[in-house]
Structure formats: structure tokens, C-alpha cells
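Listed here are the chains, written in short residue letters.
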Amino acid sequence: MISSGTSHSAVRSSGSEEHRAVHAALVSGDPDAATARMREHIENAKTRVLNDRKAVMNG
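The residue count restarts for each chain, going from 1 along the sequence in the order it is written. Residues qualify for local features only when their pLDDT is at least 70, as the model is predicted, and side-chain atom pairs are given and counted only at 80 or more; totals for whole chains, interfaces and linings, by contrast, use all residues. In computing side-chain values, all of the structure's heavy atoms are included and hydrogens and water are not.

1. Points about the pattern of salt bridges
Basically, it comes down to this: Whenever Lys or Arg places a side-chain nitrogen within 4 Å of a carboxyl oxygen from Asp or Glu, that contact is recorded as a salt bridge. Strands here mean DSSP runs of E at least two residues long; helices mean DSSP runs of H or I at least four residues long; both are numbered from the N terminus. Here the term buried applies to any residue with accessible area under 20% of the maximum for its type, exposed to any over 50%, and partly exposed to those in between, with areas from a 1.4 Å probe on protein chains only.
The final tally for this structure, using the stated rule, is three salt bridges. One salt bridge connects Arg 48 with Glu 18, and the closest N-O pair in it is separated by 3.1 Å. Placement of Arg 48 in helix H2 (residues 31–58) and of Glu 18 in helix H1 (residues 8–27) is noted, with a sequence separation of 30 residues between them. By relative accessible area, which is 14% here, Glu 18 ends up buried. Among the salt bridges present, the one from Glu 40 reaches Arg 37, with a minimum N-O distance of 2.8 Å. You can see Glu 40 and its partner Arg 37 sitting in helix H2, three residues apart, about one turn around the helix. Given a relative accessible area of 40%, Glu 40 falls into the partly exposed group. On the basis of relative accessibility, which here comes to 28%, the residue Arg 37 falls in the partly exposed class.

Listed below in C-alpha cells is the structure:
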């Protein structure tokens, strides 16, 4: 369990889903959608990392 209460498998799953969305947009030939999905993934990953860091620091 990650300190924030989110399981590793849930984090991997959400990240994997985000990667699949980026891939689907690329395969469909939609660079604007691929860009948007990648930006969402990066923002979500940043949020997950910061939340985990905060949970560890507040321990």
C-alpha cells in the first residue's frame, strides 16, 4: 500500500489506462488528441507523485 492509501496496482492501472489512451490517439492519427492525452497523463502522474510525497512527509 502506498502511504496515500492508493494501492500500487491501482496506480499502475490508472497509468496504464492513460498510456493506452495516448497510444489509441496516436494509432488513430490524431496528434491533437494524443497531445491532450499525454498532457493529462503527465499532470495525473505529477499529482500522484506529489500526493504520495505529502503522505510520506506527514507520515
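That shown, we press on.
2. Brief notes about the side chain of His 41
As a reminder of what qualifies: Contacts were defined at the residue level, with two residues in contact if any of their heavy atoms lie within 4.5 Å.
Within the fold, His 41 resides in helix H2. Residues contacting His 41, with those up to four places away along its chain left out, are Gly 15, Glu 18, His 19 and Arg 48.

3. Comments concerning H2
How we decide: The length a helix should cover is 1.5 Å for every residue beyond the first.
Here H2 contains 28 residues, and its C-alpha end-to-end distance of 40 Å stays within 8% of the 40 Å for a straight helix at 1.5 Å per residue. Taken together, the buried positions of H2 are occupied by Ala 33, Ala 34 and His 41.

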